[in-house]
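If you want the building blocks of each chain, they are given just below.
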Amino acid sequence: MIGDDVLRLHPDESFNLHFPYKRGDFNLHDGVSGSLTGVLADLELIWTVALQTLLGLSKQDLSSMKAVVVIPALYKRPYVKHYMTLILTQIGFGQAFLLQDHVAATFGAGLGTFHSV
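Along each chain, the written sequence defines residue order, and numbers are assigned to residues from 1. This being a predicted model, a pLDDT of at least 70 is required before a residue's local features are given, and a value of 80 or more before pairs of side-chain atoms are given or counted; all residues contribute to the totals for chains, interfaces and linings. The side-chain quantities take in all heavy atoms of the structure and omit both hydrogens and water.

Chemist: How do you make sense of the overall build of the protein when you look at a structure like this?
Modeler: Counting secondary structure elements, the protein contains four helices and four strands. Numbering goes from the N terminus for both helices and strands, where a helix is a DSSP run of H or I of at least four residues and a strand is a run of E of at least two. Starting at the N terminus and ending at the C terminus, the protein contains elements arranged as β-β-α-α-β-α-β-α. For the protein, the spread of C-alpha atoms along the three principal axes comes to 65 × 35 × 30 Å. Residues classed as buried in the protein amount to 23% of the 117 residues present. For this analysis, residues touch if any pair of their heavy atoms sits within 4.5 Å. By sequence separation, contacts in the protein at least 24 residues apart represent 59% of the contacts at least 6 residues apart. For the accessible areas, the method is Shrake-Rupley and the probe is 1.4 Å, while residue cover comes only from the protein chains on display. Accessible surface, the protein as shown: approximately 8600 Å² in total, 59% of it carbon and sulfur. Within the protein, one finds 8 positive and 10 negative side-chain charges whose respective centroids are separated by 11 Å. Three labels apply to residues, based on accessible area from a 1.4 Å probe with only protein chains included: buried if under 20% of the type maximum, exposed if over 50%, partly exposed otherwise in between. Positive charge is attributed to Lys and Arg, negative charge to Asp and Glu, and no charge count is given to His or to the chain ends. Where a charge lies is defined by one atom per residue type: Lys uses NZ, Arg uses CZ, Asp uses CG and Glu uses CD.

See the structure below:
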């Protein structure tokens, strides 16, 4: 289960809840799914389910699509390789583009275009 479905679990049952991010970084720890491999597997599951259920995309459709991956301004360089491997190889997008979050924010602020008065 992912997302809001977790809220419907009975509190007396025993479950392992995984949070792949903590304070904007990979949530690496010694517990269950705390390794880099475990975190990346959780991200793959979350993103794949979201693409299928929220956007209605099948895995076969993704090979002809492109993804924009927004990363933090203060990113850890080795993680970028893992993001790209996850997006291109594991999830199966045809192409991907990395964009730092502060650059992406300028598009939302309307600074991506110039209009003269």
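Following the structure, the description resumes.
Chemist: Even after reading the chapter, I still don't get the nonpolar core, so can you show me in this structure?
Modeler: Residues belong to one nonpolar core when they are buried, are Ala, Val, Leu, Ile, Met, Phe, Trp, Tyr or Cys, and are joined through side-chain atoms within 4.5 Å. Core analysis: the largest hydrophobic core is formed by 17 residues, its most contacted members being Phe26, Leu43, Ile91 and Phe93. Within the residue set of this core, elements represented by two or more residues are helix 1 (36–53), strand 3 (66–71) and helix 3 (77–91). For this core, the element with the highest residue contribution is helix 3, accounting for six residues. When neighbours within four sequence positions are excluded, leucine 43 is seen to be in contact with Pro20, Tyr21, Phe26, Tyr83 and Leu86.

Chemist: Would you explain the environment of alanine 50 in this entry?
Modeler: When you line up the elements, alanine 50 lands in helix 1. Between the C-alpha atom of alanine 50 and that of isoleucine 2, which follows or precedes it by 48 residues, the distance is 9.2 Å.

Chemist: Quick question: what am I supposed to make of the pairing of strand 4 (residues 95–100) here?
Modeler: One face of the sheet, then the other: side chains in a regular strand alternate in exactly this way. Paired strands, in this sense, are two strands between which DSSP finds at least two bridges. Sheet topology note: the strand 3/strand 4 ladder contains six bridges and is parallel. Looking at the pairing, valine 70 lines up with leucine 99 of strand 4. Here the term right-handed applies to a crossover when the path leading from its first strand over the helix to its second strand runs clockwise, the strands being oriented away from the viewer. In this fold, the crossover linking strand 3 to strand 4 by way of helix 3 has right-handed handedness.

Chemist: Got a minute to help me understand helix 1 in this structure?
Modeler: The α-helix advances 3.6 residues per turn, and as a result positions three or four apart in sequence lie on the same side. Between its terminal C-alpha atoms helix 1 stretches 26 Å, which fits the 26 Å expected from 18 residues at 1.5 Å a residue. Here helix 1 has its buried residues at Gly38, Val39, Leu40, Asp42, Leu43, Thr48 and Leu51. Considering only its buried residues, helix 1 is in contact with strand 1 (21–22), strand 2 (25–26), helix 2 (59–62) and helix 3. By this rule the span expected of a helix is its residue count minus one, scaled by 1.5 Å.

From the geometry alone we can't say anything about function, so treat these as descriptive.
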